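Chain residues, written in single-letter form:
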Amino acid sequence: MKITFKLMTAPLLAASLLLGGTSAFGAGIDQAVVGGDGQRLAQVSTVAGKGDLGESNGKASDATFRAPWSLLALDDGSVLVADARSHLLRKLSGADVSAFAGITIEKDAYNYPIGGFMDGKAASAVFQEPKGLGADAAGNVYVADSKNHAIRKIDKSGSVTTLAGSGVIGSKDGKGKDASFQLPQDVAVTADGTVYVADSLNHAIRRIAPDGTVTTLNALSTRAVEVVKGQVVPAGDFADGALQTAKFNEPTGIALDAKGNLYVSDSGNQLIRYIDLSAGTVTTVAGDPSVKLGKTELYVAGDFADGDAAQAKFNFPKGLTVTSDGGVLIADSLNHSIRYLKDGTVVTVAGEKDQYEGNADGTERNARLQHPADVAVLPDGSLLVADAYNNRIRQITFYELPAGMTADGTIKVVYGNRPIDFDALPELSNGRTMVPVRVIAEALGFEVTFDENAQTGERQVNLGKAGTTVGLTIGKAEVRKTVQAAPESTKSIDVAPYIKDDRTYVPVRFFAEELGLDVQWDNATSTVILRDKLTR
């Protein structure tokens with residue numbers, strides 16, 4: 001889908017900061033602040049697509065897509081999008097979306113575009129579910145034109161030609177149109193124009209020389225599965241070891257690393273595999289390699305688990321990107337998550353276990369994706385995601401603390417990228433961070449009132465905003481909450497609010513969580529980080 005280390009230049013960086021970033025979100029994945037649960041802090045936002053089905057260009061926020069599937073950074077700072085079900089290639093440049101290649105020749109009775117197969121100038125060429133994208137050092141773009149079962153090439157002048165494949169399903173090696181593929185879904189391209197193909201339904205990794213000669217690198221599966229009684233279909237298989245005897249099960253993602261070797265999303269086996277081309281070997285680098293496929297199973301069952309790479313679990317992983325420091329980003333499509341493999345460990349970048357699909361911007365655990373198909377790295381360290389079934393392009397920006405947050409022995413509180421300045425320092429009580437309530441509440445936009453119960457003499461502090469009221473009682477370890485006209489709810493907390501030097505101190509975590517904020521602790525600088533869980 002991309003040349004592994006082809007990064008975008010200044011125009012897109014400026015656009016990414018305009019569309020989704022702030023000064024608090026400029027770190028790369030390995031420089032991001034890590035929360036108490038070990039997950040890197042990040043924010044997910046939408047940079048293109050309003051979610052409706054269509055192929056409208058123009059302002060990025062108003063553009064429409066039909067299953068954007070793959071992303072490719074170009075030298076001019078723009079990003080190509082393979083808009084699979086529109087049968088088009090689109091270009092995201094700053095805050096605008098425009099046509100790049102392909103035309104809509106006809107629509108069916110349901111108003112869906114009908115694809116086709118025709119070479120020519122970019123403005124008149126026709127594709128059918130283009131998916132994987134890549135580019136060589138000369139700037140030629142390569143497309144896994146999946147339902148044409150072909151690999152197409154778009155040169156710098158905008159001419160579209162067919163590099164290999166004829167539009168007819170098959171698994172034949174050969175040169176150019178004499179070769180055949182079956183639903184190729186991704187490409188990885190070297191500087192000299194050698195193309196590696198994830199040929200999904202042939203369960204094969206193919207290599208195309210610059211002259212168009214196609215070679216199959218691994219052994220083809222001979223397994224068949226009876227999906228329903230009396231109906232048998234070809235199926236993928238699994239084998240590590242020598243490349244010529246290795247087997248795959250619907251590989252859908254492929255990416256080159258700095259050594260010129262290949263990472264592969266072996267989707268049907270729920271694994272990430274590695275092809276060492278110089279050694280001629282295939283190994284499993286993430287997921288359990290003890291694959292056991294039953295006689296009636298097309299695929300290994302998907303699941304979700306972070307941690308040691310050998311025990312990590314995926315659910316139809318797709319697009320891959322190798323980062324500049326050797327990590328691998330994974331679009332874990334049916335877990336609706338972005339995962340990260342590095343140094344033998346898998347972590348989740350956005351999404352979490354048991355997360356359902358959805359569409360919401362917000363923090364790394366609260367944002368929602370729906371079938372992410374690809375992920376790319378921007379120059380500022382943030383990520384772009386082809387959020388296929390939301391018909392949107394999303395951005396993941398990693399959190400870093402505002403300037404001045406140092407290990408100076410004091411407790412600090414920030415809201416997003418803004419430090420909260422207290423007139424009295426926060427302090428610890430029974431291991432909990434206590435803060436002066438008026439300062440923090442007003443910083444979050446709440447009105448603060450104080451009451452005294454005439455009957456009990458209890459002193460109470462109440463915070464109100466937009467129909468939500470949160471109440472605490474001095475010396476009482478509980479928090480009360482009322483939303484709109486709903487009955488009041490009460491919850492126990494660890495530490496009771498108290499008064500010190502005429503200021504009311506409250507436990508920041510429980511207080512903030514009742515206001516719907518995400519609360520994290522940065523141990524290195526003794527900083528409490530408050531963030532809005534959802535932003536759209």
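Because the structure is a prediction, the values reported are computed rather than measured. (Residues numbered from 1 in each chain as written. Predicted model: local features only at pLDDT ≥ 70, side-chain atom pairs only at ≥ 80, totals over all residues. Heavy atoms only, no water.)

**Q** Any chance you could explain the environment of glycine 134 here in plain terms?
**A** Here glycine 134 shows up in strand E8 (residues 130–135). Among the residues examined, glycine 134 registers a relative accessible area of 0% and is labelled buried. As for glycine 134 and leucine 74, which are separated by 60 residues in sequence, their C-alpha atoms are 9.7 Å apart. (Helix = DSSP H or I, 4+ residues; strand = E, 2+ residues; numbered from the N terminus. Buried < 20%, exposed > 50% of the residue type's maximum accessible area, 1.4 Å probe, protein only.)

**Q** I keep staring at the sheet that holds strand E28 (residues 345–350) and nothing clicks. Help me out?
**A** Two orientations exist for strands paired in a sheet by backbone hydrogen bonds: parallel and antiparallel. Taken together, five strands build an open sheet; the order of strands is E24-E28-E27-E26-E25 and the sheet is antiparallel. Where the open sheet ends on each side, the last strands, each with one partner, are strand E24 (307–308) and strand E25 (317–322). Here E25 runs beside strand E26 (residues 328–332); their pairing, made up of four bridges, is antiparallel. Bridge pairing links threonine 321 to leucine 329 in E26. (Pairing = 2+ DSSP bridges.)

**Q** What is the right way to read the packing of aromatic side chains from this model?
**A** For any pair of aromatic rings, the description consists of the separation of the ring centres together with the inter-plane angle of the planes. Applying the stated criterion across every chain, the model contains four aromatic pairs. For the pair tryptophan 69 and tyrosine 389, a centre-to-centre distance of 6.4 Å together with 55° between the ring planes defines the contact as tilted. Here tyrosine 389 lies in the loop between strand E31 (383–387) and strand E32 (392–398) and tryptophan 69 lies in strand E3 (residues 68–73), a separation of 320 residues in the sequence. By relative accessible area, which is 4% here, tryptophan 69 ends up buried. Residue class for tyrosine 389 comes out partly exposed when judged on its relative accessible area of 34%. (Phe/Tyr/Trp six-rings, centres within 6.5 Å; stacked < 30°, edge-to-face > 60°.)

**Q** Would you mind showing me how to read the UniProt feature "repeat: NHL" (unreviewed entry) in the protein here?
**A** Within this numbering scheme, the UniProt entry marks residues 127–157, 169–211 and 369–399 as carrying the feature "repeat: NHL" (unreviewed entry). The straight-line gap between the two end C-alpha atoms of residues 369–399 is 19 Å; of that span, 0% is helix and 58% is strand. (UniProt positions renumbered as here; feature names shortened; annotations may be inferred.)

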